Structure formats: structure tokens, C-alpha cells
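Residues per chain are reported as follows:
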Amino acid sequence: MIGWRAWLPIGMTLLSAAAHAATEVGTVTLVDGGARVLRGATWYKLAPGVRVEEGDIVALAERAQVQIEFATGSLANLAGTGTVHLGPPDAKQPLLVLPSGWLKLAAKAPGVRVRTPALDLTAPDAIVVVHAQPAAVDLFVEAGTAKLIPPPGPGAGGVVLD
């Protein structure tokens, strides 16, 4: 009877550690200039080799550059002053929320979804450059195809533009 009670604290510790583990979505492969990541309530300096997790916020200083390689093989290159939030995957696609800044994306199947203040972009297999600002978004599809999804109005669904 005492045997199972001895294993109970170890089992509870393993369960709690698994519940708090965040999903890794990629690895930082390049950092140039001042860049940091907010994980939980703590800011950390970014360096090549750091694994980024779902829920992280990456912030770049002026003239900084960060490249993230996702587990799916897609690459995201962020440059200049801006931030990107790494959201939960949407249909196995990494989700990048880009409130402001520059992003060059080389997406491989199953693709990447980018959410900006003005629209959502789904790139299943494309090279796309996005400049997001609070009031506007500029984008250029260098190769491949991308779908633009305007934000839905009150009570309406989004319209897909090819």
C-alpha cells in the first residue's frame, strides 16, 4: 500500500510539467541587431539556435533582422522596427500575427498564415513580402500564390481574394 504513495509525487510532477510545456514552432537561425522575445512575463535576448514557442512575442529594434525557420520548413525573415506574435497553428499552418513591421516569408506546404490589422494572408507555397502598419498593409507576392482574407465586418464572414 505504501508503494503507490511513494510514486504519487513523481507522477504529479511529470503531469504538471507536461501541462505547462509550450509547443515549439521553430528555431531562430539568424539574429542581427537588437532583438528579444517575450516568453511568459520575461523578456529574453534572441540568439541563433533559440527555439521559439507558441505564444512568444518577438520584438525588433530599428535596423534589426531575425530569421525563424519553422518545423514545417517555412522561413520568416523579420526586419526593422516591429513585432510578431507566434500564435497557435491554424490547420497545421504556423500563425504569425504582425501588428507592425516588415516580413519576408518563404512558405512551404502546408503554408503559413499571417494576420495583420487590415487582413489575413494564407500562403500555402509562396514567397511574400509584407509591410504591416496599424492603418494599412503593403504586400508583394514574389512567387507562388497567396490568399487574402479581409477582416469580417460585424456579423459577416470574410471574403477570400485570390
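Numbers given for residues are sequential positions, taken from 1 along each chain in its written order. Selection of residues for local features in this predicted model requires a pLDDT of at least 70, selection of side-chain atom pairs for listing and counting requires 80 or more, and totals for whole chains, interfaces and linings are taken over all residues. In computing side-chain properties, one takes all heavy atoms of the structure into account and sets aside hydrogens as well as water.

**Student:** Is there a simple way to think about the overall build of the chain in this case?
**Tutor:** In this description a helix means any DSSP run of H or I spanning at least four residues, a strand means any run of E spanning at least two, and both kinds are numbered starting from the N terminus. A count of helical and extended segments in the chain gives 1 helix and 11 strands. In the chain, the order of α-helices and β-strands from amino to carboxyl end is α-β-β-β-β-β-β-β-β-β-β-β. Three labels apply to residues, based on accessible area from a 1.4 Å probe with only protein chains included: buried if under 20% of the type maximum, exposed if over 50%, partly exposed otherwise in between. Counting the 162 residues in the chain, one finds 33% classified as buried. In this analysis, two residues are considered to be in contact whenever any of their non-hydrogen atoms come within 4.5 Å of each other. Residue pairs in contact within the chain that sit at least 24 positions apart in sequence constitute 38% of those at least 6 positions apart. The accessible surface values rely on the Shrake-Rupley method and a 1.4 Å probe; as for residues, cover is taken only from the protein chains in view. Only carbon and sulfur atoms are counted for the fraction: they give 62% of the accessible area of the chain, which is about 9,300 Å².

**Student:** What is the right way to read the nonpolar core from this model?
**Tutor:** Buried together is how nonpolar side chains tend to be arranged in soluble globular proteins. In terms of nonpolar packing, the biggest core is built from 32 residues, with V58, I68, L78, L96 and L98 touching the most fellow members. Of the residues forming this core, the biggest block, 6 residues, is contributed by strand β10 (residues 120–132). What L78 contacts, discounting residues up to four positions off in sequence, is V58, L60, A64, Q65, V66, I68, V84, L98, W102 and L103. Only buried residues count toward a nonpolar core. Its members are Ala, Val, Leu, Ile, Met, Phe, Trp, Tyr and Cys residues joined through side-chain atoms within 4.5 Å.

**Student:** I'm lost on unusual backbone geometry in this one. Help?
**Tutor:** A109 connects to P110 through a cis peptide bond whose omega is 15 degrees. Checked against the element boundaries, P110 lands in the loop between β8 (93–106) and β9 (112–115). Although it is not a glycine, R63 adopts a positive phi angle of roughly 65 degrees. With respect to the helices, strands and loops of the structure, R63 is situated in the loop between β5 (57–60) and β6 (65–70).

**Student:** Mind showing me how you'd approach the pairing of β8 here?
**Tutor:** The side chains of a regular strand alternate, residue by residue, between the two faces of the sheet. Here strand β7 (residues 75–90) pairs with β8 via 10 bridges, running antiparallel. When the bridges of β8 are listed, H85 appears paired with V97. Here β7 folds back onto β8 in antiparallel fashion, the turn holding 2 residues, of which A91 has a positive phi close to 55 degrees. One requirement defines pairing of two strands: DSSP has to find at least two bridges between them. Sheet topology places β8 next to β9; 3 bridges connect them, and they run parallel. By the bridge assignment, L96 is partnered in β9 with V114.

**Student:** Just checking my understanding: could you explain the environment of L30 for this structure?
**Tutor:** By the secondary structure assignment, L30 is in strand β1 (residues 24–32). C-alpha of L30 to C-alpha of L46: the two residues are 16 residues apart in sequence and 9.3 Å apart in space. Discounting chain neighbours no more than four positions away, the residues touching L30 are Q65, V66 and Q67.

**Student:** I would appreciate a short explanation of the side chain of Q93 in the present structure.
**Tutor:** Positionally, Q93 belongs in strand β8. Discounting chain neighbours no more than four positions away, the residues touching Q93 are P110, G111, V112, R113 and T122.

**Student:** Would you explain empty space enclosed by the protein in this entry?
**Tutor:** The method is simple in principle: a probe with the dimensions of a water molecule rolls over the atoms, and the space it marks as empty is what remains. Computed over the protein atoms alone on a 1 Å grid, cavities are sets of points where a 1.4 Å probe fits but cannot get out and pockets are open sets with protein on both sides within 12 Å along at least five of seven lines; a residue lines them when it has an atom within 4 Å of a point. Grid points are joined across faces, edges and corners, and a volume is the space filled by probe spheres set on the points. Applying the stated criterion across every chain, the model contains 1 cavity of 30 Å³ or more. Each pocket or cavity is described by its volume, and for the largest cavity that value is around 50 Å³. Lining the largest cavity are V58, L60, L78, A79, G80, G82, T83, V84, L98, S100, G101 and W102. Broken down by secondary-structure element, the contributors of at least two residues to the lining of the largest cavity are β5, β7 and β8. Of the residues forming the lining of the largest cavity, the biggest block, 6 residues, is contributed by β7. Of the residues contributing to the lining of the largest cavity, the split by class is 7 nonpolar, 5 polar and no charged. Residue polarity is assigned by list, with Asp, Glu, Lys and Arg as charged and Ala, Val, Leu, Ile, Met, Phe, Trp, Tyr, Cys and Pro as nonpolar; anything else, Gly included, falls into the polar class.

**Student:** Help me understand the pairing of β10 in this model?
**Tutor:** As judged from the 6 bridges shared by β8 and β10, these two strands associate in the antiparallel manner. In the strand pairing of β10, K104 is matched with V129. Relative to β10, β9 is paired through 4 bridges, and the arrangement is antiparallel. The partner of V112 across the bridge, within β10, is A123. Joining the antiparallel neighbours β9 and β10 is a turn of 4 residues. With 11 bridges connecting them, β10 and strand β11 (residues 137–149) associate as antiparallel partners. For V128, the partnering residue across the bridge sits in β11 and is V141.

Read these as geometric descriptors, not functional statements.
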